[in-house]
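# Architecture and fold: a report
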Amino acid sequence: MGRRKIKIKRIENNNRTANYTKRSNGLIKMAKEITALCDANVSLIIFSSSGKIKKYCSPSTTLVDILEEHHKNSGLRLWDPKHEDLYNEVERVKRDNADSQIELRHLKGEDINSLNCRELIALENALQNGLDNIHQKQAN
C-alpha cells in the first residue's frame, strides 16, 4: 500500500516545526547522496521562518567556489565586490592572527628551532627591549 498524495500548502498547526525538521534533514541527506553518488558539487542553505539556518556544502568545495562557478556559467553575479572585499579582509585578519600566534610562540621560546640566525637575533633584541622596559618601569 503506497502513500497518498498530499496537497502542498502551508501547514497551519504546530506540526510545522516537526515537518520542517524532517524535510530539511531529508534535503540535506539528498544533497550528501548526490555529492557521493554523482561526484557533484552541492551547496544548500535553508532558512527557517524562525531564523534558524541549516546548511550543507560538498566537502571538496566551498560556497565561494560554487558561487564563482555559478557566476562563470550563468553570468549572474551573486557575490558582489563589497562582499568580496569583506571576505578578503577577513582572510587577511586570519593570516595576521596566525602570524601573531606564531610570533607569540616564538617569544615564549616555543618552535624556535625553525628560525634562522637573523630571526633569532631579532627575537633576542625584542626580548631584550621588553626586559629593559620592565626594568625601567620597576625603577620608576
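For the structure itself, look to the data block above.
My aim in this report is to walk through the structure given alongside it, one point at a time.

Conventions and cut-offs
- Residues numbered from 1 in each chain as written.
- Predicted model: local features only at pLDDT ≥ 70, side-chain atom pairs only at ≥ 80, totals over all residues.
- Heavy atoms only, no water.
- Helix = DSSP H or I, 4+ residues; strand = E, 2+ residues; numbered from the N terminus.
- Rg over C-alpha atoms; globule rule 2.2 N^0.38 Å.
- Buried < 20%, exposed > 50% of the residue type's maximum accessible area, 1.4 Å probe, protein only.
- Contact = heavy atoms within 4.5 Å.
- Areas by Shrake-Rupley, 256 points an atom, 1.4 Å probe, with all protein chains shown as cover.
- Expected span 1.5 Å × (residues − 1).
- Polar contact = N/O pair within 3.5 Å; in protein donor to acceptor, adjacent residues only side chain to side chain.
- Patch = residues over 30% accessible without salt bridge, like charges linked within 9 Å, V, L, I, M, F, W, Y side chains within 5 Å.
- Salt bridge = Lys/Arg side-chain N within 4 Å of Asp/Glu carboxyl O.

## Brief notes about the overall build of the protein
A count of helical and extended segments in the protein gives four helices and two strands. Here the C-alpha radius of gyration of the protein, 27 Å, is well above what a compact globule of 140 residues would show, namely 14 Å. Judged by the C-alpha coordinates and their principal axes, the protein covers about 85 × 40 × 35 Å. When the 140 residues of the protein are sorted by exposure, 12% land in the buried category. When contacts within the protein are restricted to residue pairs at least 6 apart in sequence, those whose partners lie at least 24 apart make up 21%. Carbon and sulfur atoms make up 54% of the accessible area of the protein, which amounts to about 12300 Å² in all.

## Here we look at helix α2 (residues 63-74)
For α2, with 12 residues, the first-to-last C-alpha span of 16 Å sits near the 16 Å given by 1.5 Å per residue. Summarising the contacts, the buried residues of α2 are in contact with β1 (43-47), β2 (53-57) and α3 (81-107). Downstream of α2 by a residue or two, Gly75 has a phi angle that is positive, lying close to 85°.

## As for the side chain of Ser58
Inspection of the secondary structure assignment puts Ser58 in the loop between β2 and α2. For Ser58, a relative accessible area of 1% corresponds to the buried category. Side-chain polar atoms of Ser58 contact the backbone nitrogen of Val42, separated by 2.6 Å. Contact partners of Ser58, with chain neighbours within four places excluded, come to Thr35, Ala40, Asn41 and Val42.

## Details of a nonpolar patch on the surface
Together, Ile45, Phe47, Ile53 and Leu63 give the surface a local cluster of nonpolar side chains, amounting to about 390 Å² of exposed area. Mapped onto the fold, Leu63 is located in helix α2. Judged by relative accessible area, which is 34%, Leu63 ranks as partly exposed.

## Notes on unusual backbone geometry
You will see that Asp39, though not glycine, has its phi angle at about 55°, which is positive. Residue class for Asp39 comes out exposed when judged on its relative accessible area of 70%. Although it is not a glycine, Asp111 sits at a positive phi angle of roughly 55°. Checked against the element boundaries, Asp111 lands in the loop between α3 and α4 (117-139). We classify Asp111 as partly exposed; its relative accessible area is 45%.

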